[in-house]
There are 2 protein chains.
Amino acid sequence: MSKHLAKTMKAVGFYKYLPISDVNSLMDIVVGIPVPKANEVLVEVKATAINPIDTKLRATKSQIETEARILGFDGSGIITAKGDAVKTLQPGDHVFFTGDLRRNGSNAQYVVLDEVHVAHKPTNLSFEQAAAMPLTSVTAYESLFDRLLINEKDKGKTILIINSAGGVGSIASQLANAYGLKVIGTASRPESVDFSKAHGAHFVVNHKQDLEQQLKENGFSEVDFILVNYDPYKYWDSLMRIIKPQGRICLVVDSSGLVDLKPLKAKSITLVSEMMSTRIVYNTDDKYRHTEILEEVSRMLDSGELKSTLTKVITPIKADTLREAHRLIESQKMIGKIVLSGF
Amino acid sequence: MSKHLAKTMKAVGFYKYLPISDVNSLMDIVVGIPVPKANEVLVEVKATAINPIDTKLRATKSQIETEARILGFDGSGIITAKGDAVKTLQPGDHVFFTGDLRRNGSNAQYVVLDEVHVAHKPTNLSFEQAAAMPLTSVTAYESLFDRLLINEKDKGKTILIINSAGGVGSIASQLANAYGLKVIGTASRPESVDFSKAHGAHFVVNHKQDLEQQLKENGFSEVDFILVNYDPYKYWDSLMRIIKPQGRICLVVDSSGLVDLKPLKAKSITLVSEMMSTRIVYNTDDKYRHTEILEEVSRMLDSGELKSTLTKVITPIKADTLREAHRLIESQKMIGKIVLSGF
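Residues numbered from 1 in each chain as written. Chains lettered and ligands numbered in written order. Predicted model: local features only at pLDDT ≥ 70, side-chain atom pairs only at ≥ 80, totals over all residues. Heavy atoms only, no water.

Okay, the overall build of chain A next. Counting secondary structure elements, chain A contains 12 helices and 16 strands. For chain A, whose C-alpha radius of gyration is 20 Å, the value lies close to the compact-globule estimate of 20 Å for 343 residues. If one aligns the C-alpha atoms of chain A with their principal axes, the spans along those axes are about 65 × 45 × 35 Å. Burial status across chain A gives 59% buried among its 343 residues. The long-range fraction of contacts in chain A, counting pairs at least 24 apart against all pairs at least 6 apart in sequence, stands at 70%. (Helix = DSSP H or I, 4+ residues; strand = E, 2+ residues; numbered from the N terminus. Rg over C-alpha atoms; globule rule 2.2 N^0.38 Å. Buried < 20%, exposed > 50% of the residue type's maximum accessible area, 1.4 Å probe, protein only. Contact = heavy atoms within 4.5 Å.)

What follows is the structure, encoded as structure tokens:
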């Protein structure tokens with residue numbers, strides 16, 4: 001691996017946290033190719049997806065980095081080197097991966113990843129299609145099966161997915177649908193409604209209107225599960241009324257305000273938060289569940305049970321295309337995933 | 001059953017919601033003996049336990065009742081009549097029971113109960129010992145096994161029980177201990193610490209001092225489960241630090257203030273509320289789980305796996321003894337359960 005030490009690579013990064021309109025907010029840079037440690041692999045990046053977390057991590061602040069900060073926590077590529085302790089991955093393997101928010105990411109020709117983040121790329125998908133999936137898929141899968149604890153007994157039950165056209169929502173809808181749940185989505189624009197219906201939602205209500213009323217009109221007085229992919233503060237009272245007794249609510253997005261827990265009590269409601277990186281950041285005993293989920297997502301993408309939510313590819317990976325992608329995410333008009341590919 | 005229609009019974013009730021110092025807050029009254037419907041039984045009350053919920057329901061307010069309000073949602077007795085649809089209970093059966101907060105209760109010679117609230121009294125316990133257990137036991141059992149979802153895989157894990165000397169806490173401690181968990185309790189007075197240690201807590205920390213610090217001193221940096229039997233608002237930040245990643249927190253007591261959900265996110269924490277009456281009030285599909293739990297508690301009391309938390313018996317059941325019991329509960333100095341028995 002020492003051959004990489006002296007080598008450099010192209011990347012897109014920054015030193016100052018600036019608005020995306022500033023050309024220095026994301027810059028073309030050249031940095032050393034990182035070297036994998038024992039449990040790590042070096043991946044040649046083929047495609048990198050852009051997520052809201054990228055724009056949040058780039059958000060304007062006064063802090064200055066002495067070393068370039070490189071974002072990108074979702075991507076695909078080919079393993080070119082591995083640490084001694086890595087057993088299930090080999091150089092030459094085509095992979096897709098999530099990433100570690102604390103480290104430099106895949107907006108670069110090469111990225112070093114802990115093996116826990118990496119699984120085999122679905123063979124039937126392009127690098128671009130595959131790159132769009134890991135972060136949102138692991139989040140959606142964990143939300144449904146590890147947080148809401150949906151299991152065999154829940155087939156036929158109903159889940160309300162707030163913002164079902166979003167990154168996590170559009171995959172959670174597909175997973176829940178494929179598992180046998182009735183999926184009620186929410187969206188507001190016609191094109192979001194269409195996208196959501198094409199990605200697992202059995203029907204879609206408008207989250208800018210009264211949710212309870214619309215559910216009733218569709219024959220649902222209550223739902224068994226709710227997955228919240230938008231500020232729960234805005235929906236708190238509705239959620240409390242809509243959820244069934246002993247129901248479960250999973251929050252993927254933080255609440256912007258303080259909430260009253262009292263309404264949880266009468267119905268013995270469960271509220272659970274989902275953070276994709278919990279297992280890895282806290283190095284939990286079940287850390288490799290992350291990888292298992294990603295391999296399962298790969299299998300489902302290959303079998304067609306799950307389809308890629310990729311809607312836009314921009315090439316190549318460089319500062320001006322990445323700034324364009326960040327602008328699109330920040331506009332909140334984007335439907336589906338943006339992927340950048342090639343150098 | 002018509003023989004009861006014309007008959008009257010002694011009871012303790014009220015028409016106005018008054019401070020316990022007022023003699024009219026709980027009065028000796030004579031009312032008609034209620035008649036069981038198809039799914040109900042009529043029970044001759046032998047003993048009735050007093051819980052904090054009784055004092056809360058009696059709390060001073062301007063409302064006036066036109067019919068006497070009779071409290072008491074925990075007791076024991078003998079079935080004297082049953083509705084046609086009742087299958088598993090028979091007249092003559094010695095039973096113990098929880099109650100329906102919306103209806104009149106067991107501070108009376110007779111009480112009508114939906115069969116779901118009633119199970120067979122543990123044969124090795126007195127009516128008084130048995131009467132002390134149903135409400136707190138079902139709450140504790142549901143909290144551990146139906147809300148925190150503690151199962152075989154959790155044996156050896158750690159639970160922190162806030163207010164482990166309290167009604168629910170002292171039974172949850174016993175249940176968790178018997179199930180194979182490490183039980184950390186909290187109390188502040190020496191006599192509460194002793195009571196908690198005698199009822200399942202492996203060790204007890206002081207909830208008036210820093211919880212995190214005390215846990216660390218006892219070799220626990222984090223706990224897998226937390227059962228909160230005291231205002232969670234007072235402990236919120238501590239709870240968020242003490243709970244393990246992917247840990248579960250059950251709230252038995254409401255939060256007195258609004259809370260910030262953000263700290264749930266990084267560790268993907270589950271927060272669940274427990275209300276004993278959820279299944280019955282909402283008539284859920286699994287309503288009879290309530291009765292199953294009460295029968296299991298009866299079995300555990302007979303086998304000695306669980307012991308009664310009764311500490312004080314007052315006789316007979318009449319207005320002045322019941323006012324004394326309410327005063328003791330309101331003083332918050334009571335340790336263990338108060339039961340009134342006999343007429």
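Residue and element names in this part refer to chain B. Sheet architecture is open: 3 strands sit in the order 2-1-4, paired in antiparallel fashion. Of all the strands in the sheet, just strand 2 (27–32) and strand 4 (61–69) have a single pairing partner and so form its edges. If you compare each strand with its neighbour and ignore which way they point, the axes differ by 35° on average. Of the pairings in the sheet, the one linking strand 1 (residues 8–17) to strand 2 comprises 6 bridges and is antiparallel in character. Across the sheet, the residue bridging to Val12 is Asp28, located in strand 2. (Pairing = 2+ DSSP bridges. Axes fitted to C-alpha atoms, helices over the stretch in contact; angles between N-to-C directions.)

Take the interface of chain B and chain A next. With 34 residues of chain B at the contact, the number on the chain A side is 34 residues. Summed over both partners, the interface of chain B with chain A buries about 3100 Å², with 55% contributed by carbon and sulfur atoms. Three residues, B:Gln246, B:Leu261 and B:Lys265, lead the burial of chain B against chain A; their summed loss comes to 22% of the area buried on that side. At the boundary of chain B with chain A, the tally comes to 0 salt bridges. There are 22 residue pairs in polar contact (both at pLDDT 80 or more) connecting chain B and chain A. Mapped onto the side of chain B that touches chain A, the elements with two or more residues apiece are strand 13 (243–251), helix 9 (263–266), strand 14 (270–273) and helix 10 (278–281) of chain B. In terms of residue class, the side of chain B that touches chain A is made up of 16 nonpolar, 8 polar and 10 charged. (Buried area = accessible area lost by both parts, 1.4 Å probe. Salt bridge = Lys/Arg side-chain N within 4 Å of Asp/Glu carboxyl O. Polar contact = N/O pair within 3.5 Å; in protein donor to acceptor, adjacent residues only side chain to side chain. Nonpolar A, V, L, I, M, F, W, Y, C, P; charged D, E, K, R; others polar.)

The next point concerns the relation of the copies chain B and chain A. You can overlay chain B on chain A at an RMSD of 0.0 Å; the transform is a turn of 180° with a shift of 0.0 Å along its axis. Taken together, the turn and the small shift mark the pair as related by a two-fold rotation axis. A high fraction, 100%, of the interface residues of chain B reappear at the interface in chain A, so the copies pair face to face through one surface. (Least-squares fit on C-alpha atoms with pLDDT ≥ 70 in both.)

A few words now on the side chain of B:Ser25. Residues and elements named next belong to chain B. Its location among the elements puts Ser25 in the loop between strand 1 and strand 2. On the accessibility criterion, Ser25 (0% relative accessible area) is buried. From its side chain, Ser25 meets the backbone oxygen of Asp22 in a polar contact 2.7 Å long. Apart from the residues lying within four places of it in its own chain, the contact partners of Ser25 are Gly13, Phe14, Leu18, Pro19, Ile20, Arg58 and Arg323.

Here we take up the state of the cysteines. Applying the stated criterion across every chain, the model contains 0 disulfides over all chains. Summary of cysteine pairing: A:Cys250 is not part of a disulfide, and the nearest cysteine sulfur, belonging to B:Cys250, is at 18 Å. You can call A:Cys250 buried: its relative accessible area is 0%. (Disulfide = S-S within 2.5 Å.)

Mapped onto the present numbering, the UniProt feature "domain: Enoyl reductase (ER)" (unreviewed entry) falls at residues 21–340 of chain A. Between the end C-alpha atoms of residues 21–340 of chain A there is a gap of 19 Å, over a span that is 30% helix and 28% strand. (UniProt positions renumbered as here; feature names shortened; annotations may be inferred.)

One pass over the full model with this rule turns up 10 aromatic pairs over all chains. The interplanar angle of 80° and the centroid separation of 5.0 Å between the aromatic rings of A:Phe14 and A:Tyr17 together place this pair among those described as edge-to-face. A relative accessible area of 0% means that A:Phe14 is categorised as buried. Here the aromatic residues A:Tyr141, A:Phe145 and A:Tyr179 are joined through ring pairs into a cluster of three or more. Here the guanidinium or amino end of B:Lys121 rests over the ring plane of B:Phe127, the centre of that ring lying 5.0 Å away. (Phe/Tyr/Trp six-rings, centres within 6.5 Å; stacked < 30°, edge-to-face > 60°. Lys NZ or Arg CZ within 6 Å of the ring centre and 35° of its normal.)

In total, this model carries 42 salt bridges over all chains according to the counting rule given. We note a salt bridge from A:Arg147 to A:Glu274, for which the minimum N-O separation is 2.8 Å. One end of the pair, A:Arg147, is in helix 4 (residues 134–147); the other, A:Glu274, is in the loop between strand 14 (270–273) and helix 10 (278–281), and 127 residues separate them in sequence. The buried category is assigned to A:Arg147, whose relative accessible area is 3%. A salt bridge links B:Asp74 to B:Lys337; the nearest nitrogen and oxygen atoms lie 3.1 Å apart. Remark: B:Lys337 occurs in strand 16 (residues 337–341) and B:Asp74 occurs in strand 5 (residues 74–82); sequence separation between them is 263 residues. Neither residue differs from the other here; B:Asp74 and B:Lys337 are each classed as buried. Salt bridges sharing common partners tie together A:Glu142, A:Asp146, A:Arg147, A:Glu274, A:Arg279, A:Asp286 and A:Arg289.

Another aspect to go through is unusual backbone geometry. Residues and elements named next belong to chain A. Residues Thr315 and Pro316 are joined by a peptide bond in cis, for which omega reads -15°. With respect to the element layout, Pro316 can be found in the loop between strand 15 (310–314) and helix 12 (319–330). The phi dihedral of Gln246 is positive, around 65°, even though this residue is not glycine. In this structure, Gln246 sits in strand 13 (residues 243–251). Unusually for a residue other than glycine, Ser268 sits at a positive phi of about 50°. Mapped onto the elements, Ser268 comes out in the loop between helix 9 (263–266) and strand 14.

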